[in-house]
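Take a look at the letters that make up each chain.
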Amino acid sequence: MTRNANIRDEALTVDVRPPAVILCEPQLGENIGTAARAMANFGLTDLRIVNPRDGWPSEKARAAASRADHVIDKVQVFDSLEAAIADLTFVYATTARSREVAKPVQGPDEAAAKVTGLGAQGLATGYIFGRERWGLNNEEVALADAIVTLPVDPNFASLNIAQAVLVCAYEWRKTATNGALPFVLDTEANPPVQKDDLLRFFEHLEGALDRVTFYRPIERRPHIVRNIRNIFQKAELTDQEVKTLRGIIAALEGRPTRPRKDQSDQPDDTPEASSE
């Protein structure tokens, strides 16, 4: 499992009860495994299976789960959908087709808001997913409180189980964590460049371009300089990036980069190139 070195607390903290994922009569162990992997990606662990065709446990499911063993190890198997949802308070049926059953129909974002709100009260919720070939039947949809469907192309609406689980799980976690990302740019380690350093970089670059007669015709120099400065202004450069750029210019000019302290005590105002 890949680990981020610096994970933000906001992305780790989920203060609401997560929903269960119920797979109704899945046919292939591989599909169960990939659904478990999608759940693990977004912090869901309660996977319930109703009458898996090839039985349980399944080594194919474990292999396809790609080390989401903590989900596979907790799988519960049921003989009926009624038994699988008996302890839940609110359940969504996922389907890509309109149904004869009259129920509210919501998108995955609306469903996530509902599930998150109930989970914040400590109430148990779940999403029901149907078979690979034909999904859920009307009797199974009738057991749900509402329908969740995705804004797919109606002419090609079928998703595999793992895809459908992933979309619902993604929307749930995004809602439950207010969209907190696991990591962002560390502005303390990568501070933005100060304007005086940026201006010195401009002067360095523009002087180097003068020496190779880049500005042609010379009358257009002010216009070209303005365009070049605008390019770098929009880049929102960090302090280290500007040092690296100045080192690149110095190298192209054939000037030595700043020597290390253990190499020379000779002062040199040429910026140091860096790969950081």
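Everything here concerns the structure above.
Presented here is an overview of the structure given in this document.

What counts, and at which threshold
Residues numbered from 1 in each chain as written. Predicted model: local features only at pLDDT ≥ 70, side-chain atom pairs only at ≥ 80, totals over all residues. Heavy atoms only, no water. Helix = DSSP H or I, 4+ residues; strand = E, 2+ residues; numbered from the N terminus. Buried < 20%, exposed > 50% of the residue type's maximum accessible area, 1.4 Å probe, protein only. Polar contact = N/O pair within 3.5 Å; in protein donor to acceptor, adjacent residues only side chain to side chain. Pairing = 2+ DSSP bridges. Contact = heavy atoms within 4.5 Å. Axes fitted to C-alpha atoms, helices over the stretch in contact; angles between N-to-C directions. Salt bridge = Lys/Arg side-chain N within 4 Å of Asp/Glu carboxyl O. Core = buried A, V, L, I, M, F, W, Y, C linked by side-chain atoms within 4.5 Å. Parallel < 35°, antiparallel > 145°, perpendicular 65-115°, else oblique. Left-handed = near helix turned anticlockwise from the far one by under 90°. Nonpolar A, V, L, I, M, F, W, Y, C, P; charged D, E, K, R; others polar. Expected span 1.5 Å × (residues − 1).

Another aspect to go through is the side chain of Arg-48. Inspection of the secondary structure assignment puts Arg-48 in strand S2 (residues 47-50). For Arg-48, a relative accessible area of 4% corresponds to the buried category. One polar contact links Arg-48 to Asp-87, side chain to side chain, over a distance of 2.6 Å.

All right, on to the sheet that holds strand S5 (residues 105-106) then. In space, the 7 strands of this open sheet follow the order S3-S2-S1-S6-S4-S7-S5, with parallel pairing throughout. Strands with a single pairing partner mark the edges of an open sheet, and in this sheet they are strand S3 (76-78) and S5. The pairing of S5 with strand S7 (residues 146-148) spans 2 bridges and is classified as parallel. Note that in S7 the partner of Gln-106 across the bridge is Val-148. Contacts between helix H8 (residues 161-176) and the sheet are confined to strand S1 (20-24), strand S4 (90-94) and strand S6 (125-129), with S6 contributing the most and set at about 155 degrees to the helix.

One pass over the full model with this rule turns up 15 salt bridges. Glu-140 is paired through a salt bridge with Arg-131; the nearest N and O atoms lie 2.5 Å apart. Of the charged contacts, one joins Asp-196 and Arg-200 as a salt bridge, the two residues approaching to 3.9 Å between their closest N and O atoms. Taken as a pair, Asp-196 and Arg-200 lie in helix H9 (residues 195-211) at a separation of 4 residues, close to a single helical turn. Asp-196 gets classed as partly exposed once you look at its relative accessible area, which sits at 38%. On the basis of relative accessible area, Arg-200 is assigned to the partly exposed category, the value being 40%. Residues participating in the shared-partner salt-bridge network are Glu-25, Arg-131 and Glu-140.

Counting 34 residues, the largest nonpolar core has Val-21, Leu-23, Leu-47, Tyr-92, Tyr-127, Phe-129 and Val-165 as the members making the most contacts within it. Per element, the largest residue contribution to this core is 7 residues, and it comes from H8.

Contact geometry for H9 and helix H11 (residues 239-252): axes closest at 10 Å, N-to-C directions at 20 degrees. When the axes of H9 and H11 are compared, the pair comes out roughly parallel. Relative to H11, the crossing made by H9 is left-handed. Residue-level contacts link Asp-197, Leu-198, Arg-200, Phe-201, His-204, Leu-205 and Ala-208 of H9 to Asp-239, Val-242, Leu-245, Arg-246, Ile-249 and Ala-250 of H11. Grouping the constituent residues of the contact of H9 with H11 by class yields 8 nonpolar, 1 polar and 4 charged.

Turning our attention to the packing of helix H6 (residues 108-120) against H8. Interhelical geometry of H6 versus H8 gives an angle of 55 degrees and a closest axis separation of 8 Å. Here H6 is positioned oblique relative to H8, judged by the angle of their axes. The two elements H6 and H8 cross, and the hand of that crossing is right-handed. Of the residues in H8, those in contact with Pro-108, Asp-109, Ala-112, Ala-113, Val-115 and Thr-116 of H6 are Val-167, Glu-171, Trp-172, Thr-175 and Ala-176. Its residues assigned to classes, the contact of H6 with H8 shows 7 nonpolar, 2 polar and 2 charged.

Bringing helix H2 (residues 29-41) into the picture now. Counted at 1.5 Å a residue, the expected span for H2 with its 13 residues is 18 Å, and the 19 Å between its end C-alpha atoms agrees. Burial in H2 covers these residues: Gly-29, Asn-31, Ile-32, Gly-33, Ala-35, Ala-36, Ala-38 and Met-39. In this fold, the buried residues of H2 make contact with S1, S2, helix H3 (59-64), helix H4 (69-72) and H8. A positive phi of about 85 degrees marks Gly-43, the residue just after H2.

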